[in-house]
2 protein chains.
Amino acid sequence: MHHELAQFSQQVCEKVDNRLSQLLPSDKERPQPIPEARLVDAMRYAVLGGGKRVRPLLCFASAQALCAGENILENSSVLAGACAIELIHAYSLVHDDLPAMDDDDLRRGQPTVHKQFDEATAILAGDALQTLAFSVLSDMASSDQTSLQTSLKGNLKAMSILANASGMSGMVGGQMVDITMVRHQPNLPELSQMHRMKTGALISASVLLGAVLAGCENPSSLKALSHFSEKIGLAFQIQDDILDCTASTEVLGKQQGADQERGKPTYVSLLGLDGARAKLLQTHSEALDSLSHFTEHRLLRQIADYIVARAH
Amino acid sequence: MHHELAQFSQQVCEKVDNRLSQLLPSDKERPQPIPEARLVDAMRYAVLGGGKRVRPLLCFASAQALCAGENILENSSVLAGACAIELIHAYSLVHDDLPAMDDDDLRRGQPTVHKQFDEATAILAGDALQTLAFSVLSDMASSDQTSLQTSLKGNLKAMSILANASGMSGMVGGQMVDITMVRHQPNLPELSQMHRMKTGALISASVLLGAVLAGCENPSSLKALSHFSEKIGLAFQIQDDILDCTASTEVLGKQQGADQERGKPTYVSLLGLDGARAKLLQTHSEALDSLSHFTEHRLLRQIADYIVARAH
């Protein structure tokens, strides 16, 4: 990872982790005992287990591309958006890992939530993490700090983007398609469509959320960012598939070859390893093309580079 | 049910069912095949299976109490709020019925979603129903029709109310407390606290959502409505507990005595049948007291009467 991006990423992680930890206070930080303590503990476990915070990073980097010269890390609207996105991502992982779904025991090298707690708690923790995402965005927006009409509009737009990216036509729909796909081997367009919904939609939303929360209303900027985010979403998935069959379990923090073993279709199974690598580079290049629209795009460019070069 | 309320309720059901059906088009209504078809089918099944629409009714009745003379059924903001509340309620039922939770086979006399489809589909359908609730509220709010700042604020306030009522400190938190309560028999304050979170919060939200979406910003009106909604929420739960041990499985549409069998604490198990009935009447009376604040409160009063008199 580029030094500048690594530093920015570390700052984003700190900001986001602090805010998430405030939203989900630990046992010691709670002013008094709460009856739903076990739920909050499970939510904390799911969210503060050390994810890469790729989506918050995208959200802040996108906002920074539109606010040259401003210290975007101090923007509380963008921070709320970044946290909301990460909460949606975290909830989806908790539910994806459930026995009735992917039935995974490990996540980031740790027991999954239903293993550490139990299945009912994992279902509810996922549910409440999703709610918290919308809570963060709406509470932030209804506070007095952001009472200007343009800002209210930006926040509503952000909520609309997030809801549409994560629901039946986006992430959850993609997960459903993924489940049914294992039964009938898909072709490349079907696989791409599934990934666009399952992971691409939320990655796009991260980039667009950062933009609208930073106050961007320019359609051509939003279009360029949308194109960029689509391409890096695709690149991210191809690299995931490549890593699933080349990296070790230890490095991945989850079982190596898990997708292969389940007979899940991947870019590697459809294109071969070399074909997948070629497609990855082409997609990376297309992503960079769309950045010419922006003057301050160093961070976004470095993210695109990181996505194709990452080892886990 | 009072004739006037029955007529209003039927109109609310029609409005809400039409809108929900538009949001979740059936196989025949879809312009083209969609890959996530099975998910949308499961969501439709969960939402259009003929619920009583008590929460949308509360939402509209509350809005009507604040907009004397206006035909509140034509208010698209209130309709969006009513649909959002019902979507949250529907998702919670789908997840509550799961094998890892209450493990119920029947709901409203029909197979539960995981029985009719499968467990993974039920988890995802619940997830996407929750997302759709926030989608409905944010899409409505970001459309041009409601571009006034006061309206934007009302919509954001509505989203904040809905998110806070349905998340970890509200409905989902209450469900968690409910699960853990079966193991240690609670006392009356603990049982009341659990119900306030599990069902009361969303019932209160229904009333408050109707008010803020109808444009109410008056704190004393909102306080009176909040008190009213708390009381009818409690009354609703006590009557549920009474019905669970007195009505037949056929009338209930779910297994009679199910709570008793599971050893679940109820108002009846703690207060006895007569004690629960006395508490129900007292709560009903307190609910009515708070309506004196409003001139046009006939519908809200009739709802309070219905809640204590209903047979299922």
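As the structure is a prediction and not an experimental result, all values here were calculated from the model.

K.L.:
How would you explain the confidence of the model for chain A if you had to name every residue and give the values?
P.N.:
Residues shown with low pLDDT carry predicted positions that ought not to be read at fine detail. This prediction gives chain A a mean pLDDT of 90; 91% of its residues lie at or above 70. This prediction of the complex comes with two scores: 0.93 for pTM and 0.93 for ipTM.

K.L.:
If you had to explain the side chain of Arg55 of chain B to someone new, which residues and values would you point to?
P.N.:
Residue and element names in this part refer to chain B. Secondary-structure assignment places Arg55 in helix H3 (residues 54-66). In this structure, Arg55 is buried with no salt-bridge partner, the nearest side chain bearing the opposite charge being Glu86 at 5.2 Å. There is a polar contact of 3.3 Å between the side chain of Arg55 and the side chain of His89. Not counting chain neighbours up to four residues away, the residues in contact with Arg55 comprise Ile85, Glu86, His89, Leu202, Ile203, Ser206 and Phe236.

K.L.:
Quick rundown of the environment of Leu152 of chain A? Include the residues and the values.
P.N.:
In this structure, Leu152 of chain A sits in helix H7 (residues 149-166). Considering only alpha carbons, one finds Leu152 of chain A and Ser138 of chain A, 14 residues apart in sequence, at a separation of 9.7 Å.

K.L.:
Can you lay out the environment of Ala224 of chain A for me, pointing to particular residues and giving the numbers?
P.N.:
Residues and elements named next belong to chain A. Along the polypeptide, Ala224 turns up in helix H10 (residues 219-246). When its relative accessible area of 12% is taken as the criterion, Ala224 is described as buried. Sequence spacing of Ala224 and Thr121 is 103 residues, and the spatial spacing of their C-alpha atoms is 41 Å. Not counting residues within four places of it along the chain, the set of residues in contact with Ala224 comprises Ser290, His293 and Phe294.

K.L.:
Pulling in residues and values, what's your account of the pattern of salt bridges?
P.N.:
In this structure the tally under the stated criterion is 24 salt bridges over all chains. A salt bridge links Arg30 of chain A to Asp41 of chain A, with the shortest nitrogen-to-oxygen separation between them at 2.7 Å. Highlighted residues: Arg30 of chain A in the loop between helix H1 (3-23) and helix H2 (37-47) and Asp41 of chain A in helix H2, separated in sequence by 11 residues. Classification of Asp41 of chain A as partly exposed rests on a relative accessible area of 28%. Where Lys231 of chain B meets Glu286 of chain B, a salt bridge forms, and the shortest distance between an N and an O atom there is 3.0 Å. Residue Lys231 of chain B is located in helix H10 (residues 219-246), and its partner Glu286 of chain B is located in helix H13 (residues 267-289); the two are separated by 55 residues in the primary sequence.

Cut-off values and rules
- Residues numbered from 1 in each chain as written.
- Chains lettered and ligands numbered in written order.
- Predicted model: local features only at pLDDT ≥ 70, side-chain atom pairs only at ≥ 80, totals over all residues.
- Heavy atoms only, no water.
- pLDDT = per-residue confidence, 0-100.
- Helix = DSSP H or I, 4+ residues; strand = E, 2+ residues; numbered from the N terminus.
- Buried < 20%, exposed > 50% of the residue type's maximum accessible area, 1.4 Å probe, protein only.
- Lys, Arg positive; Asp, Glu negative; His and termini not counted.
- Salt bridge = Lys/Arg side-chain N within 4 Å of Asp/Glu carboxyl O.
- Polar contact = N/O pair within 3.5 Å; in protein donor to acceptor, adjacent residues only side chain to side chain.
- Contact = heavy atoms within 4.5 Å.

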